[in-house]
There are 2 protein chains.
Amino acid sequence: MPVNLSAPDPASLHAVPGLTLGIGSAGIKKPGRKDVLVMRLADQAKVAGVFTRNRFCAAPVQLCREHLRHAAPRALVVNTGNANAGTGLDGRARALQVCEALAGLLDCERDQILPFSTGVILEPLPADKIVAALPAAIADLAPANWAQAAEAIMTTDVVAKAASKQLQIGGATLTVTGIAKGAGMIHPNMATMLGYVATDADVAQPLLQAIVKHAADRSFNCITIDGDTSTNDSFMLIATGQTGPAILDADSADYLALRDAVTEVAQTLAQAIVRDGEGATKFMTVQVEGGLDESECKAVGYAIGRSPLVKTAFFASDPNLGRILAAIGYAGIDDLDVDKLDLYLDDVLVACQGGRNPAYREEDGQRVMNKSEILIRVLLNRGPVSATVWTCDFSYDYVKINADYRS
Amino acid sequence: MPVNLSAPDPASLHAVPGLTLGIGSAGIKKPGRKDVLVMRLADQAKVAGVFTRNRFCAAPVQLCREHLRHAAPRALVVNTGNANAGTGLDGRARALQVCEALAGLLDCERDQILPFSTGVILEPLPADKIVAALPAAIADLAPANWAQAAEAIMTTDVVAKAASKQLQIGGATLTVTGIAKGAGMIHPNMATMLGYVATDADVAQPLLQAIVKHAADRSFNCITIDGDTSTNDSFMLIATGQTGPAILDADSADYLALRDAVTEVAQTLAQAIVRDGEGATKFMTVQVEGGLDESECKAVGYAIGRSPLVKTAFFASDPNLGRILAAIGYAGIDDLDVDKLDLYLDDVLVACQGGRNPAYREEDGQRVMNKSEILIRVLLNRGPVSATVWTCDFSYDYVKINADYRS
């Protein structure tokens, strides 16, 4: 079961003026399953996004990138159950077929549609089924459908993920609301991770792009579940431009307030993905301090966060903490002086100067390991920089879920 | 259970003139367990080794490196149950205590002893217990104890690992015999992996070092179980110099014959480690062809071989082969053209030119997935180089073994 995570209260999810959401059922994996989401945008809306760095990026990811360059998006369409990845030119044609059908129904151009897919790789996208589900999704379009939308994009997620907040800018109340799906295959640069955050703010396109990058680097790019990076990850930021003053200056207080609100929503969503990691029973924050630069701090954080040995020890609540030192040791910092290194588990000093803290008692480690939320704190003691990675443990259920994924 | 691997027949393990082996019981983890091995070398023996690249390398690894530089080794001593890693200066003192005691018993200098430890990290080495076990181990010294030695170095290994072969050089019959332990935490540059191969050949020191590197690169450095690299990995090559002509020239047929025999024994041991990977039910050979250089071929091989998603799919015999493409995509080849790529499972062409092979039928993939030994063949189609990685699947039992490791 997810770690301290429950489904969002629909009443807590503020509608975003200028955006409506509609859900349909294409029956891709199972008949009757709600597996298609359409998000329709007001005419003046802008969209910015960041995508997977996997070289095998899926056909819809390629199309999204192109469509974002060439046209003003009017709608997004998401299907679950099939990733349309590893499908070559045929996969592209099928994604375009979906875009074209939706564009016809919404009276816009094909390249004003942004398509997204998540699910099994290497199988042909059932585009006809998706197209057949579009009219019902359009009929369902409404501003208040955020909770239903969060459910419609789930795959192996146990709990739907959504977050929302409001802020004041120039006397106006602005909304930032988002949904995400995750579960397995999560690693930096995202993975089978879809995230959509929308605001009614009026933001210039380059600033929107800067915000989405800023937020991704502090949220979806700080998490790891199994170290696999997917073919389909996408994090999209939509600004419908309906409310408040135009935000044109990256140094303005308005810009910073909006950027931080988007980042906060993205962090809540990213952490929710880890809390609902496949088979997760614990949520771990790996905080690496005293590094020379962010990349070495993140390398250490990820080495710990993706180590199957570390993750199985946390699953067992076994303070076999030497495995954390071993992971630090192979994180790839060639000139790391391990004799300077300190390791804390919550407030317990486990290792200092590279060796076991003489005052460390196993029962202190055990007390922390029994918790469901644990802070792993590594002090490299070689520089001024810190970074944080969020991860979860590795359980029988991870194997079960992924061994049985297609059945 | 190990994949097509059984304990070695003691009669198949040829003794190596100039080397004797003795086993003792220090009761480090469990009373009565045989957990100490001494290997005593003839006076003219030479030793070369390769070690873990983990920055947190254990105290015995540091000492081994130093002792190899300064003195002619007369004996090796191995304990299981405690890795003596993450133990700082105190760990070094304890390892030296063991060396000193053994040197006293064998009438040599402390730095002529090479110490090795494997087991739990971050706990003090019970040096007194090991020292107390040494006299019995020395009393046990005999040339025929290879099978017992293979058993004495096991930790979570299910089956002891040993291999032996003989070859003719200059009219003499030379022997190459080795033992290894592995199980979990196995990744390139080795990991909780100990390997010892001995020959009675008479080899110059620099050539011995070249052979150990050559063999390691084609054996222990081609395997991955869980992607963790340990603090204690060591692969040692011993030449006792008792038999045959002196081998002094790296271009000679004698040298090449010995090098290939050592490599063959090391490969058998390395593959045995994978076959006995924690919880393994399948043995996979990942062959990456058509790369620009070896490092990119190995990067692709390891991305596939360490992906939890790929490994759980093989455990389930589920031909969810898109996960292999996803792993190739994040292997880190920035300019990889995925549209050129072919993927075979044994003789079945699954994907060609980056997409699903139109003639591929799920039942063909299923037929191969049901086997216990599977070849994954990736054709990058961008260069002349190939590389091979051996790996195993990821099962419930891996989690169970590592969650319960210390209990």
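All values reported here derive from a predicted model rather than from experimental measurement. (Residues numbered from 1 in each chain as written. Chains lettered and ligands numbered in written order. Predicted model: local features only at pLDDT ≥ 70, side-chain atom pairs only at ≥ 80, totals over all residues. Heavy atoms only, no water.)

A. Up close: the interface of chain A and chain B. Listed per partner, the contact involves 59 residues of chain A and 58 residues of chain B. Of the roughly 4,900 Å² buried where chain A meets chain B, counting both sides, 61% is carbon and sulfur surface. Along the contact surface separating chain A from chain B lie zero salt bridges. Along the contact surface separating chain A from chain B lie twelve residue pairs in polar contact (both at pLDDT 80 or more). Counting residues per element, the ones that place at least two in the side of chain A that touches chain B are α8 (308-315), α9 (322-329), β15 (348-352), β16 (355-356) and α11 (396-403) of chain A. Per-class residue counts for the side of chain A that touches chain B are 29 nonpolar, 16 polar and 14 charged. (Contact = heavy atoms within 4.5 Å. Buried area = accessible area lost by both parts, 1.4 Å probe. Salt bridge = Lys/Arg side-chain N within 4 Å of Asp/Glu carboxyl O. Polar contact = N/O pair within 3.5 Å; in protein donor to acceptor, adjacent residues only side chain to side chain. Helix = DSSP H or I, 4+ residues; strand = E, 2+ residues; numbered from the N terminus. Nonpolar A, V, L, I, M, F, W, Y, C, P; charged D, E, K, R; others polar.)

B. Main features of the sheet that holds strand β13 (residues 283-291) of chain A. Residues and elements named next belong to chain A. The seven strands are arranged β10-β18-β13-β17-β14-β15-β16 in an open sheet whose pairing can be described as mixed. Since the sheet does not close on itself, it has two edges, and those belong to β10 (223-224) and β16, each with one partner. By the bridge criterion, two bridges tie β15 to β16 in an arrangement that is antiparallel. Within β16, the position partnered with A351 by the bridge is R356. In this fold helix α6 (residues 253-275) packs onto β10, β13, β17 (373-379) and β18 (385-392), with an angle of close to 45° to the strand it touches most, β18. (Pairing = 2+ DSSP bridges. Axes fitted to C-alpha atoms, helices over the stretch in contact; angles between N-to-C directions.)

C. Region of interest: the side chain of T177 of chain A. All names here are of chain A. Mapped onto the elements, T177 comes out in strand β7 (residues 172-181). Here H14 takes part through its backbone oxygen, which lies 2.7 Å from a polar atom of the side chain of T177. Excluding its chain neighbours within four sequence positions, the residues that come into contact with T177 are H14, V16, W146, A163, S164, Y196, V197 and A198.

D. Fine view of the sheet that holds strand β7 (residues 172-181) of chain B. Residue and element names in this part refer to chain B. Strand order in the open sheet made by the five strands is β3-β10-β8-β7-β6, with mixed pairing throughout. Two strands close off the open sheet at either side, each with one partner strand: β3 (46-51) and β6 (161-169). On average, each strand axis in the sheet is tilted by 20° relative to the strand beside it, whichever way the strands run. In this sheet, strand β10 (residues 234-247) lies alongside β3 in antiparallel orientation, the contact comprising six bridges. Bridge pairing in β10 links G49 to M236. Strands β3 and β10 of the sheet are contacted by helix α1 (residues 59-70), whose axis makes an angle of about 140° with β3. Along the sheet, helix α5 (residues 205-217) makes contact with β3, β8 (194-203) and β10, crossing β3 at roughly 35°.

E. Quick peek at the domain arrangement of chain A. Residues and elements named next belong to chain A. Each assigned domain of chain A is listed here: domain 1 (10-275) and domain 2 (283-403). Centre-to-centre, using C-alpha coordinates, domain 1 lies 33 Å away from domain 2. Counting residues at the interface gives 17 residues for domain 1, matched by 14 residues for domain 2. Contact between domain 1 and domain 2 buries roughly 1,300 Å² in total, counting both sides, with carbon and sulfur atoms accounting for 59%. Among the residues domain 1 hides against domain 2, the three largest losses belong to C222, T224 and R275. Together they make up 35% of the total. For the interface between domain 1 and domain 2, the tally reads one salt bridge. Here R275 makes a salt bridge to E373, at a shortest N to O gap of 2.4 Å. One can count six residue pairs in polar contact (both at pLDDT 80 or more) joining domain 1 with domain 2. (Domains from an automatic or database assignment.)

F. Region of the structure containing the UniProt feature "binding site: substrate" (unreviewed entry) in chain A. Residues and elements named next belong to chain A. UniProt tags T155, K181, T192, E278, N402 and S407 as "binding site: substrate" (unreviewed entry). Its place among the elements puts E278 in the loop between α6 and β13. A residue is classified by how much of its surface remains accessible, and E278, at 5% relative accessible area, is buried. (UniProt positions renumbered as here; feature names shortened; annotations may be inferred. Buried < 20%, exposed > 50% of the residue type's maximum accessible area, 1.4 Å probe, protein only.)

G. Region of interest: helix α1 (residues 59-70) of chain A. Residues and elements named next belong to chain A. Here α1 spans 17 Å end to end across twelve residues, near enough to the 16 Å set by a 1.5 Å rise per residue. Those residues of α1 lying buried are A59, P60, V61, L63, C64 and H67. Where α1 is buried, its residues touch β3 (46-51), α2 (88-106), β5 (113-120) and β11 (234-239). (Expected span 1.5 Å × (residues − 1).)

H. A look at the relation of the copies chain A and chain B. Rotating chain A by 180° about the axis while translating it 0.0 Å along that axis superimposes it on chain B, leaving an RMSD of 0.0 Å. What the rotation and shift describe, once combined, is the action of a two-fold rotation axis. For chain A, the residue whose C-alpha comes nearest the rotation axis is Y396 of chain A, separated from it by 2.7 Å. Both copies contact each other with a shared surface, as 98% of the interface residues of chain A are interface residues in chain B too. (Least-squares fit on C-alpha atoms with pLDDT ≥ 70 in both.)

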